Amino acid sequence: MGGRPVIETALSGLGYGFSVAFGPPFLLGFIPYNLTWCFVGVLVGNMVGVLPGMGPLATISILLPLTFGMKAVPAILMLAGILYGGQYGGAICSVLLNLPCHPPHAVTCLDGFPMTKQGRGGVALGVTVIASFIGASWGITEMIFLSPLLVKAALQFGPAEVCTLMLLGLLAGSTLARGSPLKGVAMTLLGLFLGSIGTDLETGSERFTFGLTELDDGIELIALALGVFGIAEFMNSVNQVAPINMRYTNVRLRDLRPSWDDLKRAFFPMWRGTICGSLCSLIPGTGPTIASFVAYAAEKKVSKTPEKFGTGMLEGVVCPEAATHSSIQGDFIPTMSLGIPGDAVMALLLGALMIQGIVPGPQLISQHPDIFWGLVASFWIGNVILVVLNVPLIGIWCKMLAIPYRFLYPSALFFVCIGVYAANNDFFQVGEVVAIGAFGYVLLRLGFHPAPILLGFVLGPRFEENFRRAMLIARGDIGVFVERPISAFFVAMCVILIGTQLYVRLRSAKSKRGAPPGEAAPIAPQMAPQRIPVTPAE
């Protein structure tokens, strides 16, 4: 197939997506209904992006019950808008307050806040907005052209290929997550176990229900998401009462305009970060956090003055921010075209599609083009809206940080309980959320990040289903997974992934043993701390 048909197909699909995004009429007879929900999503995402503990994951979990009464297209547009809108808001506090509300922006603090103390915080925010838009635009373009190609290849997949692909996604999501890979694997296995609770669809027997009829249909995705990413995170952050320094938050509009020299300095680092983020997004389980760390490390390597990084280098701000947004948009490629979520947020969006009765995968573009192309078009529109919103509302978002946690979190917990109960009018699910939240808090305190739980919970049933089908077709011959070329390739990727992790761990342990006393071994990018301190450093 030549390049022209691919380009024509992509452009025609994009045109159809804009027609979906700009229709049907809603307010005042001319404001589009779908676009209204896209605006709501990016506005809410931008707002919660500046609040520690109230990131896109917790917010999407809280608002997920709201989508039950909505059509599929506006529901997904709103949830996706919350995701990339939250990343725009997170950069504001990293630069002005040295407060990385979310892990991907921890690297931005290293040079962003020193620029603020030098009186160049507005310039840092200005180039951050530009870098974010360019990184997101590249990721959207990737999605337009790569997703249909992946779908054509994925149509050749049988049960064995899908099973091994799911296995690769589970391993990547667990071993490449923050923290110890062993803990990530343990959390993935816990998610697989939770996903197996309920009635077996093939045999009709009950599994792990402990005689509770309310568990016959399994644990609800909403209860699990709100428990481990809502209540658990709130409980873990409730004691953060350190005052926030608002000294540098008075940024005027003219302060945001970078000079021509600033733009020339930022041009190549911006594109290097964009490419780095897009490459990371194609690996399931990496996510924007690892992309930002890798991009910063790579930019420091190619810089002629690496010793100045951490003292207010413009390159150290634009490169990781471009990588973050490129990675976020690129993460939608395996999620929408293959049904493989790259991280916990993508797994939650995958679950939101399933709640609407839509199964993401190779058939999504052909069976539900309004969702896929409407989502792509909304990305362009939403990022333009965010650029317009971010500039005048920076001061307002920063002042929101003055809200005491003792007011913020109880109100959020109230909406959590209301949302869970309203989903099925069932108090048992409220109890589920409380129990899962308490258990998730214990996991956080023990250093187990719960994100892989959601990955295992969403992918586990599909992995089990395709494994059973492959075994039935092969009459119990396990060799079917290495006899077929595509599945053998995915099995080889799984082996390489495990071998790489073992090599990195052994090498890290060896370097620690050989390090001089009192000198810490370097920390790998994927080993970023789970909880970022919120007290601003002067």
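Look up a bit, the structure's there.
Residues numbered from 1 in each chain as written. Predicted model: local features only at pLDDT ≥ 70, side-chain atom pairs only at ≥ 80, totals over all residues. Heavy atoms only, no water.

## Things to note about unusual backbone geometry
What is expected of a backbone is that most residues other than glycine have negative phi and most peptide bonds are trans.
Next up, step 1: Even without a glycine there, the phi angle at Phe208 is positive, about 55 degrees.
Next up, step 2: Among the secondary structure elements, Phe208 is positioned in the loop between β4 (206-207) and α9 (221-237).
Next up, step 3: One non-glycine residue, Arg475, adopts positive backbone phi at about 55 degrees.
Next up, step 4: Among the structural elements, Arg475 can be located in the loop between α19 (451-473) and α20 (480-483). (Helix = DSSP H or I, 4+ residues; strand = E, 2+ residues; numbered from the N terminus.)

## Some details on helix α8 (residues 181-196)
Next up, step 1: If you check α8, its first and last C-alpha atoms are 23 Å apart, about what 16 residues at 1.5 Å a residue would give, namely 22 Å.
Next up, step 2: For α8, the complete set of buried residues consists of Pro181, Gly184, Met187, Thr188, Gly191, Leu194 and Ser196.
Next up, step 3: Where α8 terminates, the next one or two residues include Gly198, which has phi positive at roughly 125 degrees. (Expected span 1.5 Å × (residues − 1). Buried < 20%, exposed > 50% of the residue type's maximum accessible area, 1.4 Å probe, protein only.)

## Considering the packing of aromatic side chains
Next up, step 1: In this structure the tally under the stated criterion is 11 aromatic pairs.
Next up, step 2: Between Trp138 and Trp271, the aromatic rings sit 5.8 Å apart at their centres with planes inclined by 80 degrees, giving edge-to-face as the arrangement. Here the residue Trp138 occupies a position in helix α6 (residues 121-154), and Trp271 occupies one in helix α10 (residues 260-281), the gap between them amounting to 133 residues.
Next up, step 3: With a centroid separation of 5.1 Å and 85 degrees between ring planes, the pair formed by Phe267 and Phe268 is classed as edge-to-face.
Next up, step 4: We classify Phe267 as partly exposed; its relative accessible area is 42%.
Next up, step 5: Taken together, the ring pairs in this structure connect Phe463, Phe467 and Phe481 into an aromatic cluster.
Next up, step 6: The ring of Phe448 has Lys183 lying over it, and the distance from NZ or CZ to the ring centre is 5.1 Å. (Phe/Tyr/Trp six-rings, centres within 6.5 Å; stacked < 30°, edge-to-face > 60°. Lys NZ or Arg CZ within 6 Å of the ring centre and 35° of its normal.)

## A few points about the pattern of salt bridges
Next up, step 1: Taken as a whole and assessed by the stated rule, the structure comprises seven salt bridges.
Next up, step 2: Salt-bridge contacts for Arg207 lead to Glu464; the nearest nitrogen and oxygen are separated by 2.8 Å. With a gap of 257 residues between them, Arg207 in strand β4 and Glu464 in helix α19 connect regions that are remote in the sequence.
Next up, step 3: For Glu464, a relative accessible area of 24% corresponds to the partly exposed category.
Next up, step 4: With a shortest N-O distance of 3.8 Å, Asp261 and Lys264 are connected by a salt bridge. Note that Asp261 and Lys264 are positioned in helix α10 at a spacing of three residues, about one turn of the helix.
Next up, step 5: Bridged by salt links that share partners, the residues Arg207, Glu464 and Arg468 form one connected network. (Salt bridge = Lys/Arg side-chain N within 4 Å of Asp/Glu carboxyl O.)

## Digging into the environment of Tyr88
Next up, step 1: Position of Tyr88 among the secondary structure elements: in helix α4 (residues 72-97).
Next up, step 2: For Tyr88 and Gly45, which are 43 residues apart along the polypeptide, the C-alpha to C-alpha distance reads 8.3 Å.
Next up, step 3: Apart from residues lying up to four places away in sequence, Tyr88 is in contact with Asn46, Ser132, Phe133, His325, Asn383, Leu386, Val387 and Asn390. (Contact = heavy atoms within 4.5 Å.)

## Quick look at the packing of helix α2 (residues 33-48) against α4
Two measures define how a pair of helices packs: the angle their axes make with one another and the distance between the axes.
Next up, step 1: Running from amino to carboxyl end, α2 crosses α4 at an angle of 30 degrees, the nearest separation of the two axes being 6 Å. Taken together, α2 and α4 sit at an angle that is classed as roughly parallel. As α2 runs across α4, the sense of the crossing is right-handed. Contact with α2, carried on its side by Tyr33, Asn34, Trp37, Cys38, Gly41, Val42, Gly45 and Asn46, involves Val73, Pro74, Leu77, Met78, Gly81, Ile82, Tyr84, Gly85, Gly86, Tyr88 and Gly89 of α4 and no other residues of that element.
Next up, step 2: Split by residue class, the contact of α2 with α4 holds 11 nonpolar, eight polar and no charged. (Axes fitted to C-alpha atoms, helices over the stretch in contact; angles between N-to-C directions. Parallel < 35°, antiparallel > 145°, perpendicular 65-115°, else oblique. Left-handed = near helix turned anticlockwise from the far one by under 90°. Nonpolar A, V, L, I, M, F, W, Y, C, P; charged D, E, K, R; others polar.)

## Brief notes about the nonpolar core
Next up, step 1: Core analysis: the largest hydrophobic core is formed by 94 residues, its most contacted members being Met143, Leu224, Phe332, Met336 and Leu375.
Next up, step 2: Leave out the neighbours within four places in its chain, and Leu375 touches Ile76, Leu77, Ala80, Met143, Phe332, Met336 and Asp370. (Core = buried A, V, L, I, M, F, W, Y, C linked by side-chain atoms within 4.5 Å.)

## Focus on the packing of α4 against helix α12 (residues 315-330)
Next up, step 1: In contact at an axis separation of 10 Å, α4 and α12 are set at 170 degrees when each is read in the N-to-C sense. Here α4 is positioned roughly antiparallel relative to α12, judged by the angle of their axes. Two secondary-structure elements touch here, α4 through Leu83, Tyr84, Gln87, Tyr88 and Ala91 and α12 through Glu321, Thr324, His325, Ile328 and Gln329.
Next up, step 2: Classifying every residue of the contact of α4 with α12 by side-chain character gives five nonpolar, four polar and one charged.

## Remarks on the environment of Phe428
Next up, step 1: The topology assignment puts Phe428 in helix α18 (residues 427-445).
Next up, step 2: Sequence spacing of Phe428 and Leu215 is 213 residues, and the spatial spacing of their C-alpha atoms is 9.6 Å.
Next up, step 3: Among all residues touching Phe428, those that are not within four sequence positions of it are Leu212, Glu214 and Leu215.

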